[in-house]
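One letter stands for each residue in the lines below.
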Amino acid sequence: MKAYNYLIFFVLFALFPYISYGEEFSVTTENNIISELRPGQKVTAGFIDITVSKDAKIIKIEAEMIGFIEAHSMIMDGEIMKMRKISPVLVKNKKYKFKPGGNHLMLFDVARELNAGGDINLLFTFQLKNKKIFKKSIKFKIK
Ligand SMILES: [Cu+2]
């Protein structure tokens, strides 16, 4: 019986580092909004404030029935607004904002309805400095 208890103890300790490892990266979000898709459109924008518990890059964003999703910056070049694809670099515990008029998400080839009042999950892939990958599904309200 005693040997059995030791075994349980050992197994718990052996597993613990892996269990805690799974919890090491957390993502908190606010103001998660996707603009509703107007009739005839296939492209829309998204906004979100993201705070991560460790320095990380967003390397991919995907969702069902959406061709592809990019993060963009937006700058004024004289009178012309220019958007450029970016790979957002998030700093630990610092809020990163995707907001109207600034960095934003762009959803292309949308093949589903996105009506105000609904919601949609986007799957974010984050890469830490040590190259470890985390995938998080994040819910957005459609507005
Ligand atoms: Cu854009």
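The structure this text deals with has already been given above.
Keep in mind that this is a model prediction, so the values were computed, not measured. (Residues numbered from 1 in each chain as written. Predicted model: local features only at pLDDT ≥ 70, side-chain atom pairs only at ≥ 80, totals over all residues.)

Enquirer: Where do I start with the overall build of the protein chain in this structure?
Expert: Across its full length, the protein chain carries one helix and 10 strands. Listing every helix and strand of the protein chain by position from the N terminus yields α-β-β-β-β-β-β-β-β-β-β. Counting over 143 residues, the protein chain shows a buried share of 15%. For the protein chain, the share of sequence-separated contacts (at least 6 apart) that also reach a separation of at least 24 residues comes to 67%. (Helix = DSSP H or I, 4+ residues; strand = E, 2+ residues; numbered from the N terminus. Buried ≥ 20, exposed ≤ 12 C-beta atoms within 10 Å, placed from the backbone. Contact = placed C-beta atoms within 7 Å.)

Enquirer: What's the story with the environment of Phe98 in this structure? I'm lost.
Expert: Within the secondary structure, Phe98 sits in strand 7 (residues 96-98). Residue class for Phe98 comes out buried when judged on the 23 C-beta atoms lying within 10 Å of it. Considering only alpha carbons, one finds Phe98 and Asp49, 49 residues apart in sequence, at a separation of 6.1 Å. When sequence neighbours within four positions are dropped, the list of residues in contact with Phe98 reads Gly46, Phe47, Ile48, Asn103, His104 and Leu105.

Enquirer: I tried to follow the nonpolar core on my own but got confused; where do I start?
Expert: Taken as a class, soluble globular proteins show a tendency for nonpolar side chains to be buried jointly. Formed by 19 residues in total, the largest nonpolar core has its most connected members in Ile48, Ile61, Ile120, Leu122, Phe124, Phe126 and Phe140. Of all the secondary structure elements, the ones that give two or more residues to this core are strand 2 (44-52), strand 3 (56-62), strand 8 (104-110) and strand 9 (119-128). Residues in contact with Leu122, not counting those within four places in the same chain, are Ile61, Ala63, Ile69, Ile138 and Phe140. (Core = buried A, V, L, I, M, F, W, Y, C linked by C-beta atoms within 7 Å.)

Enquirer: Help me understand unusual backbone geometry, please; the structure alone is not making it clear to me.
Expert: One non-glycine residue, Asn31, lies in positive phi territory at about 55 degrees. For Lys131, which is not a glycine, the phi torsion comes out positive at approximately 75 degrees. Assignment of secondary structure puts Lys131 in the loop between strand 9 and strand 10 (133-142). Taking the C-beta count within 10 Å as the criterion, Lys131 has 6 such neighbours and is therefore assigned exposed.

Enquirer: Hey, could you run me through the pairing of strand 1 (residues 27-34) in this one?
Expert: Regular strands place side chains that alternate from one sheet face to the opposite one. Note: strand 1 against strand 2, six bridges, orientation antiparallel. What sits directly across from Thr29, in strand 2, is Ile50. Relative to strand 10, strand 1 runs parallel, the two sharing two bridges. Among the inter-strand pairings, Ile33 is bridged to a residue of strand 10, identified as Lys141. (Pairing = 2+ DSSP bridges.)

Enquirer: Whenever I open this one, the pairing of strand 10 confuses me. Can you help?
Expert: Here strand 9 runs beside strand 10; their pairing, made up of nine bridges, is antiparallel. Residue pairing in the sheet places Gln127 in a bridge with Ile133 of strand 10.

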